[in-house]
Amino acid sequence: HTHARTHNAMPKHGFLTPKAIGNRIKSKGLQKLRWYCQMCQKQCRDENGFKCHTMSEAHQRQLLLVGENPDSFVDNFSQEFRAGVVSLLKRQYNGRRIAATVVYNEYIQDKEHVHMNSTKWVTLTAFIHSLAEDGIVKLEETPKGWYMTYLEHDPEELEHKKMLLRRARHERNEEQRQADAIQAQIERDRAAAVARGETFEEPVSTELRRDDDAEKVVVSLKTSAAARRPDPESQAETTNVFKKLKQSSSMTTSKSKGPRPGDKRPLSNMERLKEELEAKKQKAAAAAAAESSRRTEKATKSDRKDYWLYEGIVVKVVNKTLKDGKFYKRKGVVQELVDKYTGKVRLLDAKTVLKLDQEFLETVIPKVGGEVLIVNGPHRGHKAVLLGLDIDNFSARVAIAKGPNKGLELSAIAYEDICKIHVPQE
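Below, the structure is looked at part by part.

A count of helical and extended segments in the protein chain gives 13 helices and 15 strands. With 426 residues in all, the protein chain has 24% of them scored as buried. Pairs at least 24 residues apart make up 46% of the contacts formed inside the protein chain by residues separated by at least 6 positions. Accessible area of the protein chain: about 31,400 Å², with a carbon and sulfur share of 54%.

Our next topic: a nonpolar patch on the surface. The grouping of Phe15, Leu16 and Ile21 at the surface amounts to a nonpolar patch, some 320 Å² of accessible area in total. Tracing the chain through its elements places Ile21 in helix α2 (residues 18–27). You can call Ile21 partly exposed: its relative accessible area is 33%.

To describe a pair of aromatic rings, you give the distance between the ring centres and the angle between the ring planes. This model, assessed by the stated rule, comprises six aromatic pairs. Centre to centre, the rings of Phe81 and Trp121 are 6.3 Å apart; their planes meet at 40 degrees, and the pair counts as tilted. Here Trp121 lies in the loop between α6 (100–107) and α7 (124–133) and Phe81 lies in helix α5 (residues 70–92), a separation of 40 residues in the sequence. Using a relative accessible area of 0% as the deciding quantity, one classes Phe81 as buried. On the accessibility criterion, Trp121 (10% relative accessible area) is buried. An angle of 65 degrees between the planes, with centres 4.8 Å apart, marks the rings of Trp121 and Phe127 as edge-to-face. Here Phe127 falls in the buried class, since its relative accessible area comes to 1%. Feature note: the residues Phe81, Tyr107, Trp121 and Phe127 constitute an aromatic cluster, connected by ring pairs. Over the ring of Tyr147 we find Arg97; its NZ or CZ atom is 4.2 Å from the centre of that ring.

A few words now on the packing of α5 against α6. Packing of α5 against α6 leaves a shortest axis separation of 10 Å and a crossing angle of 110 degrees. In terms of their interaxial angle, α5 and α6 are classed as roughly perpendicular. Together, Glu80, Phe81, Gly84, Val85, Leu88, Leu89 and Gln92 of α5 and Val103, Tyr104, Glu106 and Tyr107 of α6 make up the contact between the two elements.

What follows concerns the pairing of strand β7 (residues 331–337). Summarising the sheet, strand β6 (residues 314–317) and β7 pair through three bridges and their orientation is antiparallel. When the sheet's bridge partners are listed, Lys316 is paired in β7 with Lys331. The sheet contact formed by β7 and strand β8 (residues 342–347) spans five bridges and is antiparallel. Bridge pairing in β8 places Val333 opposite Arg346.

Moving on: α6. By the burial criterion, the buried members of α6 are Ala100, Val103 and Tyr107. Taken down its axis, α6 places every buried residue within 65 degrees of arc, on the same side. The inward-facing, buried residues of α6 contact α5, β3 (97–99), α7 and β5 (145–150).

What follows is about the sheet that holds β7. With respect to topology, five strands assemble into an open sheet ordered β9-β8-β7-β6-β10, the strand pairing being antiparallel. Pairing within the sheet leaves two strands with one partner each, and these edge strands are β9 (353–357) and β10 (361–363). Taking each pair of neighbouring strands and ignoring which way they run, the sheet shows an average axis angle of 45 degrees. Examined bridge by bridge, β6 and β10 share three bridges and lie antiparallel to one another. When the sheet's bridge partners are listed, Lys316 is paired in β10 with Glu362.

The subject of this paragraph is the side chain of Thr342. Secondary-structure assignment places Thr342 in strand β8. Apart from the residues lying within four places of it in its own chain, the contact partners of Thr342 are Leu309, Leu337, Lys355, Leu356 and Asp357.

Our next topic: the pattern of salt bridges. Taken as a whole, this structure holds nine salt bridges when the rule is applied. A salt bridge links Arg61 to Glu57; its shortest N-O distance comes to 3.3 Å. Of this pair, Arg61 and Glu57 both sit in helix α4 (residues 57–68), four residues apart, which is roughly one turn of that helix. Residue classification places Glu57 among the exposed residues on the basis of a relative accessible area of 60%. Across the pair Lys316 and Glu362 runs a salt bridge, and its minimum N-O distance is 3.9 Å. Of the two residues, Lys316 sits in strand β6 while Glu362 sits in strand β10, which places them 46 residues apart along the sequence. In this structure Lys316 comes out as partly exposed when scored by relative accessible area, which is 21%. By relative accessible area, which is 30% here, Glu362 ends up partly exposed.

Reading the values: rules and limits
Residues numbered from 1 in each chain as written. Predicted model: local features only at pLDDT ≥ 70, side-chain atom pairs only at ≥ 80, totals over all residues. Heavy atoms only, no water. Helix = DSSP H or I, 4+ residues; strand = E, 2+ residues; numbered from the N terminus. Buried < 20%, exposed > 50% of the residue type's maximum accessible area, 1.4 Å probe, protein only. Contact = heavy atoms within 4.5 Å. Areas by Shrake-Rupley, 256 points an atom, 1.4 Å probe, with all protein chains shown as cover. Patch = residues over 30% accessible without salt bridge, like charges linked within 9 Å, V, L, I, M, F, W, Y side chains within 5 Å. Salt bridge = Lys/Arg side-chain N within 4 Å of Asp/Glu carboxyl O. Phe/Tyr/Trp six-rings, centres within 6.5 Å; stacked < 30°, edge-to-face > 60°. Lys NZ or Arg CZ within 6 Å of the ring centre and 35° of its normal. Axes fitted to C-alpha atoms, helices over the stretch in contact; angles between N-to-C directions. Parallel < 35°, antiparallel > 145°, perpendicular 65-115°, else oblique. Pairing = 2+ DSSP bridges. Arc of directions from axis to C-beta.

Below is the structure:
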């Protein structure tokens, strides 16, 4: 009998004990607001628990502290609530029009958020109007309620966006440029045909089809009548070139032997031909350089990744909300990568280690001559030496220091694609 009673007894901390059930309920997330004490930051499960908490010695001590300077506590809670909502707007709804209630519901999903009833704002409407008065958001009243749009004010981020826009304008693909050039040529041909009184045939794009695979494709390049018709002036110049040479030689012999200081000697046909050949060579070289630049640009775009963190590089923290801006613009070295986008950063001026996403970090550019690591693009992972900076275009010029491409110079590489390598101090 004693053995059976021992066997059927429930363990003290079993799965279905009140203690275990209470712990699971507590860890589920949000509880009722009326049983939450903001001063002590303690959530109670029921009315009895909240009553016991309010009668506890710890709560009474905290109540005496708040009673000495209540305005200071309310201001601190208000600042934390405001900073949390603004950080959420900036991170998830930057530039998007969103309902105020949606933002608030998203904010209170955090179990440790600051409750609005402990701030100086009584209602959500009063809070969002205070944000609008400070120029942080733009409000819009609709039949469905208040909508707001976060307005960007950080000068560095605005400058970064301008740089991205300038780069996007420069990165127009080759097909679009060729299409623009073809359209401009069509417009010129149309204007020339109208000036000559001729009818201009609009080019029609058709699909290239072959009903028989063995049939050959014949491409016919039609030329306009004006192009086939010889120019009278050029024909006259061609037919009378020898007469002109004879006349110029007779005039030269009849004049004094030395030319006047202010006169220029007319070019001969051979010299003119040499100039035309030189111009063609320069044009061909420019076309080859443009083609090489296009291929390099295309390869750069295809080799870019959406992650850039590496171990051993020096980065700068750009998160203003982390610890109330305590670590803003402080530099650190990436000690370890948690994943492709997150790393553990040890601050250079302290022993603090932070786990940060690359969104809250930016690359650091050393002095000219310093060693950098290429963190993005076709040469990512290569060590290089910084040769110079182009401040206007936010780019740099580097030379690869090691590997099979040693000595290769890369011009116009973006700031965010290179980063300073940390050198431990002895």
